[in-house]
Amino acid sequence: MNILQKRTAFIVMAAFLLAFVFSIVSLSHYKGEEHLFSIQESHQLKKITNGISAPDNNSRDHRLPSGNGPASPSNSGEHVTPFHNLSMDNGAGSQGANKDYETPLALYTVGFFIAAAFVYGLVKKKKWHHSIGHSRVILWSLLGTGLFIRIALIPWVGSHMDTSLFKNWASVAANHFSNFYAKSGSDYPPFYIYILFIVGKVGSLPDFQQYFSLLIKIPPILADVVTSYLLYRLARKYLAPSFAYLLAIGYLFNPAILVNSTFWGQVDSFFTLLIVLAIVMITEKRIYASAVIFTAAVLMKPQAIIILPILFFELIRLKQVKHFLGIALTAAFTAGAILLPFSIGKSPTWIIDLFSSTIGEYPYASVNAYNFFSLIGANYKDSSATLLFFSYHTWGLIFIVATTIFSWLIYIKGRSFKYAALAALIQISGVFTFSSSMHERYLFPAAALALVAYIYLKDKNLLYLSLGFSISIFMNTFFVLYGDSNIQQNSTSYPFSMFATSMLNVLLVVYLVKVAWNLVQKSTVLKTA
């Protein structure tokens, strides 16, 4: 190691040790929570979460008390049941969110983006040192710091109601895996049930029972760390090592990523890891591995279908029939292996029925997604309502087709697998911004995909887009999670946060279209010169 590496390693190792100690202290004060939802409560909770029905006024809150320390069960000895003081006024995502840490999170976010802009300014002015080579000590200390900070925060930020839903599913999966859907009443696609099975088994052990809520958040938190590591490995291959560190740090400590996995406890980080891996497999010419991962992603969240055309684009670019047949067989085999344990005694079309049920839960122009439809005041408006000549749903389908045609055009004109991440970014951001029935978290993979696109194409505008999408992802998640006072469940209210973030997303997609077109134009000129 040179002197700069040694100093950097010392600082990073010190941060790692502090994060580790913080996590140990935090966990030692955590007392856990006991309540699991019954099947009937889970059904009611899912309806409320999706904005389909209102909670009963006499129901109770499952949320952990929000004191000045790690969340813990009530000391009164009273059985804690769901939906206490839960009303429509709490907002679509605020049920169970611990608001004690709303302000610190907001302040951290402002500081993070100011720091990101400052560091980028140094890099642009060439005042950033580029002599920090690859160091396993620095890399693993950074990743460990990000991991242990997240673990340390979990007991303090408490549990959202969705965590209890995941806990219920994990318990059912651990005890009735093959009969999961009959026992749980869940319509969640099957791939992530394997993860919940593992969590449920671990959480059922006597030494881990009090940490069940924490364990639920571990898979998406690990996915954050693995995605950061993947970004580092890719960037180190195509960029300077010191810049690879910056991209990994930028993603790992990005508040838009942190709020989703650690504060809310959602699994979009795990889904994003699958999507990034699938796209990277395409760019690394491993299309069969990509097909396996894409199949798993679709069987985890239906919105993976939005990005699936990228694999089809690459198959067309390769122009070999054997690859089409090979990919079809690979996908079929993978899907069969994932579905088989759940398929015993069911109709052959049960998975189609499950997906139809899931997609049908959001019959609105927008479901708190800060996008074009929210911008024009259509949040929670019935998707069958008419806008100009067509329904919101029809307009959404038109925009999906238009977005896919444009991303296909970019892929064709780029004439390279290196445009896969850019095309995927166009797909996810374009469909989120201009299609109907979008949820607030569907844009989440855009932050990582923009960084992957930058690594392969080296256009600084993609860094700007990653920053812009990170801001919009955070704002959408933050205001829904902590319940903007003007956002009501199943409501068409129109707060300023919705207007500002929706406008930002529309502008970002327009900017992305311009950037993508300029990139392929330059590529065409270079290849014909």
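A quick note: this is a predicted structure, and the numbers were derived from the prediction, not measured.

Chemist: Break down the packing of aromatic side chains for me, citing the residues and quoting the values.
Modeler: For the structure on display, the rule yields 37 aromatic pairs. Each ring, one from Y181 and one from W350, has its centre 5.5 Å from the other, and the planes form 55 degrees; the classification is tilted. One end of the pair, Y181, is in helix α6 (residues 180–184); the other, W350, is in helix α15 (residues 350–359), and 169 residues separate them in sequence. By relative accessible area, Y181 is classed as buried at 9%. Classification of W350 as buried rests on a relative accessible area of 10%.

Chemist: Which residues make up the confidence of the model for the chain, and what values do they have?
Modeler: Low pLDDT marks stretches whose predicted atomic positions should not be read closely. The pLDDT averaged across the chain works out to 83; a share of 82% of its residues lies at or above 70. Taken element by element, the predicted model of the chain shows its lowest mean pLDDT in helix α2 (residues 39–49) (48) and its highest in helix α18 (residues 420–434) (97). Taken together, the stretch residues 35–45 has pLDDT below 50 and engages in 32 contacts with residues farther than four places along the chain or on a different chain.

Chemist: Could you give me a rundown of the packing of α18 against helix α19 (residues 446–457), with the residues and numbers involved?
Modeler: Where α18 meets α19, the closest approach of the two axes is 8 Å, and the angle between their N-to-C directions is 155 degrees. As far as their axial angle goes, α19 and α18 are roughly antiparallel. When the axes of α18 and α19 are compared, the crossing they make is left-handed. Mapping the contact onto sequence places A421, L422, A424, L425 and I428 in α18 and A446, L449, A450, V452, A453 and L457 in α19. Classifying every residue of the contact of α18 with α19 by side-chain character gives eleven nonpolar, no polar and no charged.

Chemist: Go over the nonpolar core, please, and point to the residues and values.
Modeler: In terms of nonpolar packing, the biggest core is built from 154 residues, with F263, I279, I307, I310, L422 and L462 touching the most fellow members. The contact partners of L422, leaving out residues within four places of it in the chain, are I410, A453, L457, L462, L512, A516 and L519. Membership of the second largest hydrophobic core comes to five residues, among which are A365, F373, Y392 and W395.

Chemist: Run through the side chain of K217, naming residues and quoting values.
Modeler: Inspection of the secondary structure assignment puts K217 in helix α8 (residues 212–238). Here K217 falls in the buried class, since its relative accessible area comes to 0%.

Rules behind the numbers
Residues numbered from 1 in each chain as written. Predicted model: local features only at pLDDT ≥ 70, side-chain atom pairs only at ≥ 80, totals over all residues. Heavy atoms only, no water. Phe/Tyr/Trp six-rings, centres within 6.5 Å; stacked < 30°, edge-to-face > 60°. Helix = DSSP H or I, 4+ residues; strand = E, 2+ residues; numbered from the N terminus. Buried < 20%, exposed > 50% of the residue type's maximum accessible area, 1.4 Å probe, protein only. pLDDT = per-residue confidence, 0-100. Contact = heavy atoms within 4.5 Å. Axes fitted to C-alpha atoms, helices over the stretch in contact; angles between N-to-C directions. Parallel < 35°, antiparallel > 145°, perpendicular 65-115°, else oblique. Left-handed = near helix turned anticlockwise from the far one by under 90°. Nonpolar A, V, L, I, M, F, W, Y, C, P; charged D, E, K, R; others polar. Core = buried A, V, L, I, M, F, W, Y, C linked by side-chain atoms within 4.5 Å.

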